[in-house]
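# Per-entry structural report
Given next are the chains, with one letter for each unit.
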Amino acid sequence: MRNHPLKPFPKDFLWGASTSAYQVEGAWNEDGKGPSVMDVAKHPKEVTDFKVASDHYHRYKEDIALFAELGLKAYRFSISWSRIFPEGTGEVNQKGIDFYNNLINELKKHHIEPVVTMYHFDLPYALQKKGGWLNRETIEAYENYAKTLFENFGDRVKYWLTINEQNVMILFGELLGTVDRNAENPKKELYQQNHHMFVAQAKAMILCHRMLPDAKIGPAPNISAVYPISPQPEDVLAAHTFSSLRNWLYLDAAVFGRYNSTVWSYLEKKQAIPEIQDGDMAILKEAKPDFIAFNYYSTMTVGANLPQKVSNNVREDQQMAFEEPGFFKGHPNPNLPKTEYGWEIDPVGLRTTLREIYERYHLPLLITENGLGAQDRLEEGDVVNDDYRIDYLQKHIEQCRLALDDGVELIGYCPWSAIDLVSTHQGISKRYGFIYVNRDEFDLKDLRRIPKKSFYWYKKVIASNGEDLTNE
């Protein structure tokens, strides 16, 4: 029984919401923007592409006015690298600079803190054709891109995120097109890309602190607590291995400037040790994040796996369990309900994840994604009754409050997503937003913006600084 009142959310808590450029902006080839890997990606025939998305590029003022009505204190969005540098390097596209200047100014006008993700899956296609992150030249291209962002927007942007879900790009490289499954050694290629991202991220953090001494910068992986399927020691060991591989590798490199020892041993066994040039580790060691941003949707459950041929290694998306012969095997958690898309719902797991990260790294934490994807229905009278989303967010915010009471330094909560956008795998039909966008997969309709029931609920949550979570 609790015998003391819970600690309140901090007065300056960043109640926000999130999007990414390629999923929300549209205008994929307008005003000098070059193609990104997401623009040229192959899509299932029943799923839309990202060419129009939510048309935020043309409607950002309308959208930000709604964000202001919602009461957002922060808006986490990404900048399209190929909108700034159509070729990834070279000449700056001034119209791209202008768009983000206008977007940031509009946010500031409405007293909304911009939280900027510098790279969210959408590598310029021109760089991909040269080898993408497998090519060390991409490190320099990213550093130059970061410098350009700091120069143009650093006077108004205080919070910077380096790379969104780097761990997802590596663990699910085939799914996101990060690597060719027909490569001679796909795993070695992936972890070489991973190393180059580590160096690029470190250089961006060092540069940010030199150029913008009052700004804050940090990584933004997808972090999930990992449960063993049973208390059997081999299952506990498998869970520890998977947690190192999925979570701690990325944060150990960002915070401590070193490779996780369990993962290094795994890479040796898999003949996937990356080539590390002289000076790389010194750069990683010099870089220091100011906070850790992370995306959380669910936990993972794994057990031991014998060193035999994998039975089914299809990785559907970043929240689906998979297996690695000799190391671990993913299992569904019988104690957790699932969304209609098969993702397990684990609010208590968020509290566990917050505590694990904070106890390990002792840095302020910012939740940059957390949300429920569902096939929302627009009813007569422009009503979307998404009580299931309210229930999901309500339970996760309750666990955030409990984590604060546990001693975790949590500075903000930015659920996915501010507005309906095109999901990476399931198109516009899988909706996450507080605001409904009136379009289907292939019928753009009028793209009207319609606040959902969750919009008005979250508005009340923000206005009460997290004190009132009731759905009435």
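With that out of the way, let us pick up the overall build of the protein chain. Helices and strands together make up the secondary structure of the protein chain, namely 15 helices and 14 strands. Taking 23 Å as the expected radius of gyration for a compact globule of 472 residues, we find that the protein chain reaches 21 Å, a close match to that expectation. The C-alpha extent of the protein chain, read off along each of the three principal axes, is 60 × 60 × 45 Å. Looking at the protein chain as a whole, 60% of its 472 residues are labelled buried.

What follows covers the side chain of threonine 138. For threonine 138, the position within the fold is in helix H6 (residues 137-153). Take threonine 138: its relative accessible area is 1%, and that puts it in the buried class. Ignoring anything within four residues of it in the chain, the contact list for threonine 138 reads Trp81, Leu123, Leu127, Gly132 and Trp133.

Our next topic: the packing of aromatic side chains. Inspection of the entire model under this criterion finds 33 aromatic pairs. Relative to tyrosine 119, the ring of tryptophan 81 lies with its centre 5.9 Å away and its plane at 85 degrees, an arrangement referred to as edge-to-face. On the criterion of sequence distance, the pair formed by tryptophan 81 in helix H3 (residues 81-84) and tyrosine 119 in the loop between strand S3 (113-117) and helix H5 (125-128) is long-range, its members being 38 residues apart. Residue classification places tryptophan 81 among the buried residues on the basis of a relative accessible area of 0%. Among the aromatic residues, those joined into a ring-pair cluster are Phe9, Phe13, Trp15, Tyr413, Phe434, Trp457 and Tyr458. Over the face of the ring belonging to tryptophan 28 we find lysine 51, whose NZ or CZ atom lies 4.6 Å from the ring centre. Positioned above the aromatic ring of tyrosine 436, the side-chain terminus of arginine 431 is 4.1 Å from the ring centre.

So, on to the packing of helix H13 (residues 347-361) against helix H14 (residues 387-406). Two elements in contact, H13 and H14, have axes separated by 8 Å at closest approach and are oriented at 30 degrees. With respect to their mutual orientation, H13 and H14 come out roughly parallel. Relative to H14, the crossing made by H13 is right-handed. Counted together, Pro347, Val348, Leu350, Arg351, Leu354 and Arg355 of H13 and Lys395, His396, Gln399, Cys400, Leu402, Ala403 and Asp406 of H14 form the full contact between these two elements. Residues belonging to the contact of H13 with H14 are distributed by class as follows: 7 nonpolar, 2 polar and 4 charged.

Glancing now at the nonpolar core. Ranked by size, the top nonpolar core spans 136 residues in total, and within it Trp81, Met118, Tyr142, Trp160, Tyr191, Leu354 and Tyr458 carry the most contacts. Per-element accounting of this core gives the leading share, 12 residues, to helix H9 (residues 186-211). Ignoring sequence-local partners within four residues, the contact set of methionine 118 consists of Ile79, Tyr142, Tyr145, Ala146, Leu149, Phe150, Trp160, Leu161, Thr162, Ala204 and Ile217. Leu14, Ala74, Leu161 and Ala220 belong to the second-largest nonpolar core, a separate cluster that totals 10 residues.

Within this structure, the stated rule accounts for 31 salt bridges. Across the pair arginine 83 and glutamate 25 runs a salt bridge, and its minimum N-O distance is 3.0 Å. Separated by 58 residues along the polypeptide, arginine 83 in helix H3 and glutamate 25 in the loop between helix H1 (21-24) and helix H2 (56-70) bring together distant segments of the chain. For the pair arginine 83 and glutamate 25, a shared accessibility class is recorded, and that class is buried. A salt bridge links arginine 360 to aspartate 252; its shortest N-O distance comes to 3.1 Å.

Let us look at H13. In a regular helix each residue adds 1.5 Å, so 15 residues correspond to 21 Å; H13 covers 22 Å between its end C-alpha atoms and thus fits that length. Of the surrounding elements, those touching the buried residues of H13 are strand S6 (226-228), helix H10 (233-256), strand S7 (292-295), strand S11 (365-369), H14 and strand S12 (410-413). Just downstream of H13, histidine 362 is the residue with a positive phi angle, here 55 degrees.

Our focus in this paragraph is unusual backbone geometry. Cis geometry is adopted by the peptide bond preceding serine 417, which originates at tryptophan 416 and carries an omega value of 10 degrees. Residue position: serine 417 is located in the loop between S12 and strand S13 (435-437). Although it is not a glycine, glutamate 165 adopts a positive phi angle of roughly 45 degrees. Take glutamate 165: it is sitting in the loop between strand S4 (159-164) and helix H7 (166-171). Phi angles above zero are rare outside glycine, and histidine 362 is one such case at about 55 degrees. Mapping histidine 362 onto the fold places it in the loop between H13 and S11.

Attention shifts here to the pairing of strand S5 (residues 216-220). Of all 5 residues making up S5, 4 are buried, and the element is well covered by its neighbours. The pairing of S4 with S5 spans 4 bridges and is parallel. Directly across from asparagine 164, in S5, lies its bridge partner alanine 220.

Side-chain positions along a regular strand alternate between the two faces of the sheet. Counting buried positions over the 5 residues of S3 gives 4, a clear majority of the element. Sheet analysis places strand S2 (residues 74-78) next to S3, joined by 5 bridges and oriented parallel. What sits directly across from phenylalanine 77, in S3, is valine 116. Of the pairings in the sheet, the one linking S3 to S4 comprises 3 bridges and is parallel in character.

We now examine the sheet that holds strand S8 (residues 300-303). The sheet built from 4 strands is open, its strands ordered S6-S8-S10-S9 with mixed pairing. What marks the edges here is a single partner per strand, and that holds for S6 and strand S9 (323-324). As paired elements, S8 and strand S10 (residues 328-330) share 2 bridges and run antiparallel to each other. By the bridge assignment for S10, glycine 303 is matched with lysine 329.

Calculation notes
- Residues numbered from 1 in each chain as written.
- Predicted model: local features only at pLDDT ≥ 70, side-chain atom pairs only at ≥ 80, totals over all residues.
- Heavy atoms only, no water.
- Helix = DSSP H or I, 4+ residues; strand = E, 2+ residues; numbered from the N terminus.
- Rg over C-alpha atoms; globule rule 2.2 N^0.38 Å.
- Buried < 20%, exposed > 50% of the residue type's maximum accessible area, 1.4 Å probe, protein only.
- Contact = heavy atoms within 4.5 Å.
- Phe/Tyr/Trp six-rings, centres within 6.5 Å; stacked < 30°, edge-to-face > 60°.
- Lys NZ or Arg CZ within 6 Å of the ring centre and 35° of its normal.
- Axes fitted to C-alpha atoms, helices over the stretch in contact; angles between N-to-C directions.
- Parallel < 35°, antiparallel > 145°, perpendicular 65-115°, else oblique.
- Left-handed = near helix turned anticlockwise from the far one by under 90°.
- Nonpolar A, V, L, I, M, F, W, Y, C, P; charged D, E, K, R; others polar.
- Core = buried A, V, L, I, M, F, W, Y, C linked by side-chain atoms within 4.5 Å.
- Salt bridge = Lys/Arg side-chain N within 4 Å of Asp/Glu carboxyl O.
- Expected span 1.5 Å × (residues − 1).
- Pairing = 2+ DSSP bridges.

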